[in-house]
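# Architecture and fold: a report
Next come the chains, spelled out residue by residue.
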Amino acid sequence: MIVPRAALLALLVAAVPSAAAAHPQTSARLGAGAGAASGDFVFEMHLRSELLFGPNEVRAFRIGPALDLRTADFETAEAAGGLAVLLPVATGFPITFTTGAGWASRPGDADGPIAVGTLAWGYRSYNHHHVYGYALSLYASTRVALDDTSRWEITGGVEIDLLFLVAIPAIFVWEWLTEGDPDEP
C-alpha cells in the first residue's frame, strides 16, 4: 500500500512540536576528593561546570557541554571538556554523568591527553527565574592517560557550589563593609 504524499506530509507536520525551548541551567562547583592513581594515593581539587538544556521542568532529562579543571596533589594542571547528561531519578536529586577528554600537564614528562568520566549524585536546584541553579553533590571520577593506559585514577569526594563558597560570603562582606543592606532605606 502506498501512502499518499499529502498524508505523509500531514503526519510529519503533526509530529513536529509547535514550539521548541531549551531552557538552559548552569552550575559551577568546587570539588575536593581523594583516591588511587595507578596504585598510589592522590588528593584532588577541581572546578566543574556544565550548561544543561532541557524542558522548563524540575524533573527533566538535560544534556549539554561540560568543563572540568583539576589539580592532583597540587602538582598537575588538567583541563577537559565534554558532555554532561542529567538523569532525573528523584525530584531534586538527579544523577549527572559527565564524559570528556582533555590535556594534563603533569610532572616527570607525563604530560598528555586524558579521558575523564564522572558520576555525581546530590541536590540540584532548578531555577525557574534564572539560568543558574546551585548544586551540592557526591561524585566518583575516573581518568586515564590516552597515551599510556597504565596511568589511571579513580577518585571520589564532595562538590560544593560556588554560590555558597564565593557569592554568598562576598555579599556578606560587602554588606558588612558598607554597614547594612543596600536595598533598605
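Scroll up a little and you will see the structure.
## Quick look at the packing of aromatic side chains
Counted under the stated rule, the structure contains 5 aromatic pairs. Consider the rings of Phe43 and Phe74, whose centres lie 5.8 Å apart with planes at 35°: the pair is tilted. Taken as a pair, Phe43 in strand E2 (residues 40-52) and Phe74 in the loop between strand E3 (62-72) and strand E4 (77-87) lie far apart in primary sequence, 31 residues in all. You can call Phe43 partly exposed: its relative accessible area is 29%. Ring geometry for Phe93 versus Tyr123: centroids 5.5 Å apart, planes at 70°, classification edge-to-face. Of this pair, Phe93 sits in the loop between E4 and strand E5 (95-105) while Tyr123 is found in strand E6 (residues 112-124), placing the two residues 30 residues apart along the sequence. In this structure, Arg48 packs its charged tip against the face of Tyr139, placed 5.3 Å from the ring centre.

## Remarks on the pattern of salt bridges
Scanning the entire structure with this criterion turns up 14 salt bridges. A salt bridge links Asp147 to Arg151; the shortest N-O distance between them is 3.3 Å. Residue Arg151 is classed as partly exposed on the basis of its relative accessible area, which comes to 24%. Close ionic contact of Asp148 with Arg151 constitutes a salt bridge, the shortest N to O distance being 3.7 Å. When salt bridges with common partners are traced through the structure, they connect Arg29, Glu44, Arg48, Glu50, Asp68, Arg70, Glu78, Arg106, Arg124, Arg143, Glu153 and Glu159 into a single cluster.

What counts, and where the lines are drawn
- Residues numbered from 1 in each chain as written.
- Predicted model: local features only at pLDDT ≥ 70, side-chain atom pairs only at ≥ 80, totals over all residues.
- Heavy atoms only, no water.
- Phe/Tyr/Trp six-rings, centres within 6.5 Å; stacked < 30°, edge-to-face > 60°.
- Helix = DSSP H or I, 4+ residues; strand = E, 2+ residues; numbered from the N terminus.
- Buried < 20%, exposed > 50% of the residue type's maximum accessible area, 1.4 Å probe, protein only.
- Lys NZ or Arg CZ within 6 Å of the ring centre and 35° of its normal.
- Salt bridge = Lys/Arg side-chain N within 4 Å of Asp/Glu carboxyl O.

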